[in-house]
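Structural overview for review
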Amino acid sequence: MKRVIVDYKKLTPEVLNLLTEKFPDGYGDRDIIVFDNHKNETIEAVEVKTEDTIYLVKVSSKLHYTMTNFDTKDVLELNNDGHVIVDFNDND
């Protein structure tokens, strides 16, 4: 099984959906995995799995914003790489 470290800027709709399903009320301290990457930087992430991949999604306030404002009924805006575009200036 491969492991992929991903930042909120690189979230695909599939991974974002997995996150919101696994953590419908948000994630807590017990859900966070802390590890050092290959550059010896400490990373905090939450884990979601597919059949063949473990995604370690870096924890940040922007990840929390993205998860709380994600609605599976909405049509997501994607960039050219297929990543979800998050607008932090949206004042709905």
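Structure first, text after, so check above.
We now turn to the structure provided with this report. (Residues numbered from 1 in each chain as written. Predicted model: local features only at pLDDT ≥ 70, side-chain atom pairs only at ≥ 80, totals over all residues. Heavy atoms only, no water.)

A look at the packing of aromatic side chains
What counts, and what does not: Ring pairs shown here join Phe, Tyr and Trp side chains whose ring centres sit within 6.5 Å, with only the six-membered ring taken for Trp; geometry is labelled stacked below 30 degrees between planes, edge-to-face above 60, and tilted in between.
For the structure on display, the rule yields 1 aromatic pair. Here the aromatic rings of Phe23 and Tyr27 are separated by 6.3 Å at their centres, their planes lie at 80°, and the arrangement is edge-to-face.

What about the nonpolar core?
Threshold: By convention a nonpolar core is built from buried Ala, Val, Leu, Ile, Met, Phe, Trp, Tyr and Cys residues, the set being connected through side-chain atoms within 4.5 Å. Note on exposure labels: buried denotes an accessible area under 20% of the residue type's maximum, exposed denotes more than 50%, and partly exposed covers the range between, all computed with a 1.4 Å probe on protein chains only. The helix count covers DSSP runs of H or I at least four residues long, the strand count covers runs of E at least two residues long, and both are numbered beginning at the N terminus.
Residues Val6, Tyr8, Leu11, Val15, Leu16, Leu19, Phe23, Tyr27, Val46, Val48, Tyr55 and Val57 constitute the largest nonpolar core, which totals 12 residues. Secondary structure elements with two or more residues in this core: α1 (13–22), β3 (42–49) and β4 (53–58). Looking at this core, the element that brings in the most residues is α1, giving 3 residues.

Comments concerning the pattern of salt bridges
It is possible for side chains bearing opposite charge to pair when their charged atoms get close. For clarity, the cut-off: Should a side-chain nitrogen of Lys or Arg be within 4 Å of a carboxyl oxygen of Asp or Glu, the pair is scored as a salt bridge.
According to the stated counting rule, one finds 1 salt bridge in the structure shown. Two residues, Glu47 and Lys49, come together in a salt bridge whose shortest N-O distance is 4.0 Å. We classify Glu47 as buried; its relative accessible area is 17%.

Section: α1
Which entries qualify depends on this criterion: Throughout, the arc means the angular range of directions from the helix axis out to the C-beta atoms.
Looking at α1, one finds that the buried residues are Val15, Leu16, Leu19 and Thr20. For α1, the arc enclosing every buried residue in end-on projection is 135°, short of the 170-degree limit, so these residues lie on one face.

Comments concerning unusual backbone geometry
Residues other than glycine seldom take positive phi values, yet Asn40 does so here, at roughly 65°. Of note, Asn40 is situated in the loop between β2 (33–36) and β3. The exposure class of Asn40 is exposed, given its relative accessible area of 61%.

Let's talk about the side chain of Thr53
Heads up, the condition is: In protein, a polar contact requires one atom able to donate a hydrogen and another able to accept it; more generally it is a pair of N or O atoms within 3.5 Å, and residues adjacent in sequence count only if both atoms are side-chain atoms. Residues are treated as being in contact if the distance between any of their heavy atoms lies within 4.5 Å.
Relative to the helices and strands, Thr53 resides in strand β4. Engagement of the side chain of Thr53 in a polar contact is seen with the side chain of Asp52, the distance being 3.1 Å. In this structure, Thr53 is in contact with Met1, Lys2, Val4 and Val48, ignoring residues within four places of it in sequence.

Section: the environment of Lys58
Here Lys58 is to be found in strand β4. Judged by its relative accessible area of 30%, Lys58 falls in the partly exposed class. Remark: the alpha-carbon pair of Lys58 and Ile43, spanning 15 residues in sequence, is separated by 6.9 Å.

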